[in-house]
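# Structure at a glance
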Amino acid sequence: MPEKRTMDRARRDKRRGKAATTQAGEFVREEMHHVKQGKHGARSRQQAVAIGLSKARRAGVDLPAPTRGRRKTRKSAAAAHKRGQQDGPLSGRRKRSRSTAKSPKRARASRKALERERKSV
């Protein structure tokens with residue numbers, strides 16, 4: 001889930017009539033920050049951009065799927081866009097909350113794997 005500040009910035013951009021790519025840029029900016037902090041295992045800037053765009057689509061930014069690229073990427077982007085337009089926070093509809101609890105064993109394994117990752121991008 002994107003941070004509250006990121007959502008506020010994206011909403012502000014939308015209110016001001018900025019382009020969808022500008023709104024999505026806030027999510028990409030947040031992901032770049034997370035990568036620099038070592039929060040998750042994105043191995044390159046391209047991955048951080050892809051994660052940010054996906055989060056933007058799911059949040060309701062009207063950013064359609066790319067027309068070119070790998071089939072899997074296009075399909076994933078289309079699904080994220082569809083979901084975001086239905087019930088994303090920027091679309092005006094509220095989403096029901098879901099539990100995101102992991103087992104302690106899985107959480108520990110994820111943390112260990114992230115610690116093994118390199119820190120810089």
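Look a little higher up for the structure.
Computed from a prediction, not measured in an experiment: that's the story for all the values here.

## Looking at the overall build of the chain
Counting its secondary structure elements, the chain contains five helices and zero strands. Split into buried and exposed, the 121 residues of the chain put 25% on the buried side. Counting only contacts in the chain whose residues sit at least 6 apart along the sequence, the fraction spanning at least 24 positions is 52%. A total accessible area of about 9200 Å² is found for the chain, and carbon and sulfur atoms account for 49% of it.

## A word on the nonpolar core
Within the largest apolar cluster, nine residues are counted, these being Met7, Ala10, Ala24, Phe27, Ala56, Ala59, Val61, Leu63 and Leu90. Among residues more than four places away in sequence, those in contact with Leu63 are Ala20, Thr21, Ala24, Leu53, Arg57 and His81.

## Quick notes on helix H2 (residues 20–37)
Between its terminal C-alpha atoms H2 stretches 26 Å, which fits the 26 Å expected from 18 residues at 1.5 Å a residue. Within the sequence span of H2, burial applies to Gln23, Ala24, Glu26, Phe27, Val28, Glu30, Glu31, His34 and Val35. At its buried positions, H2 is contacted by helix H1 (4–15) and helix H3 (45–59). One or two steps after H2, the chain reaches Gly38, where phi turns positive at roughly 80°.

## Structural notes on the environment of Gln46
As for its placement among the helices and strands, Gln46 is situated in helix H3. Assessed through its relative accessible area of 60%, Gln46 is described here as exposed. Taking the C-alpha atoms as reference, Gln46 lies 9.8 Å from Met32; in sequence the two are 14 residues apart.

## Brief notes about a positive patch on the surface
On the surface, Arg12, Arg15, Arg16 and Lys18 cluster together to form a positively charged patch. Take Arg12: it is sitting in helix H1.

## Regarding the side chain of Glu31
Here Glu31 shows up in helix H2. Setting aside anything within four residues of it in sequence, one finds Glu31 in contact with His40, Ala48, Ile51, Gly52 and Lys55.

## Considerations on the packing of H3 against helix H4 (residues 71–87)
At their nearest, the axes of H3 and H4 sit 6 Å apart, and the two run at 35° to each other. Contacts between H3 and H4 involve Ser54, Arg57 and Arg58 from the first element and Ala77, Ala80, His81, Arg83 and Gly84 from the second. Within the contact of H3 with H4, the residues separate by chemical class into two nonpolar, three polar and three charged.

## Some thoughts on the side chain of His81
Mapped onto the elements of the fold, His81 is located in helix H4. Here His81 falls in the buried class, since its relative accessible area comes to 18%. In contact with His81, other than residues within four places in its own chain, are Arg57, Val61, Asp62, Leu63 and Pro64.

Rules and cut-offs
- What you see as residue numbers is a count from 1 along each chain, following the sequence as written.
- This being a predicted model, a pLDDT of at least 70 is required before a residue's local features are given, and a value of 80 or more before pairs of side-chain atoms are given or counted; all residues contribute to the totals for chains, interfaces and linings.
- Heavy atoms from the whole structure form the basis of all side-chain values; hydrogens and water molecules are not counted.
- Counting from the N terminus, the helices are the DSSP runs of H or I reaching at least four residues and the strands are the DSSP runs of E reaching at least two.
- Only protein chains enter the calculation, and the probe is 1.4 Å; a residue is then buried if its accessible area is under 20% of its type maximum, exposed if over 50%, and partly exposed in between.
- By the convention used here, residues are in contact when the closest approach between their heavy atoms is within 4.5 Å.
- All accessible areas in this document rest on Shrake-Rupley with a 1.4 Å probe, and a residue is counted as covered only by the protein chains that are shown.
- For this analysis, a nonpolar core means a set of buried residues of the types Ala, Val, Leu, Ile, Met, Phe, Trp, Tyr and Cys, connected via side-chain atoms within 4.5 Å.
- Every helix has an expected span of 1.5 Å times one less than the residues it contains.
- Patch membership requires over 30% relative accessible area and the absence of a salt bridge. Like charges are linked within 9 Å, and nonpolar side chains (Val, Leu, Ile, Met, Phe, Trp, Tyr) within 5 Å.
- The salt bridge definition used is simple: a Lys or Arg side-chain nitrogen within 4 Å of an Asp or Glu carboxyl oxygen.
- Counted as positive: Lys and Arg. Counted as negative: Asp and Glu, with His and the chain ends omitted from the count.
- By convention, the point assigned to a charge is CZ for Arg, NZ for Lys, CD for Glu and CG for Asp.
- The axes used here are C-alpha line fits, helices contributing only the stretch in contact, and every angle between their N-to-C directions lies in the interval 0 to 180 degrees.
- Only Asp, Glu, Lys and Arg are considered charged in this grouping, and only Ala, Val, Leu, Ile, Met, Phe, Trp, Tyr, Cys and Pro are considered nonpolar; every other residue, Gly among them, is considered polar.

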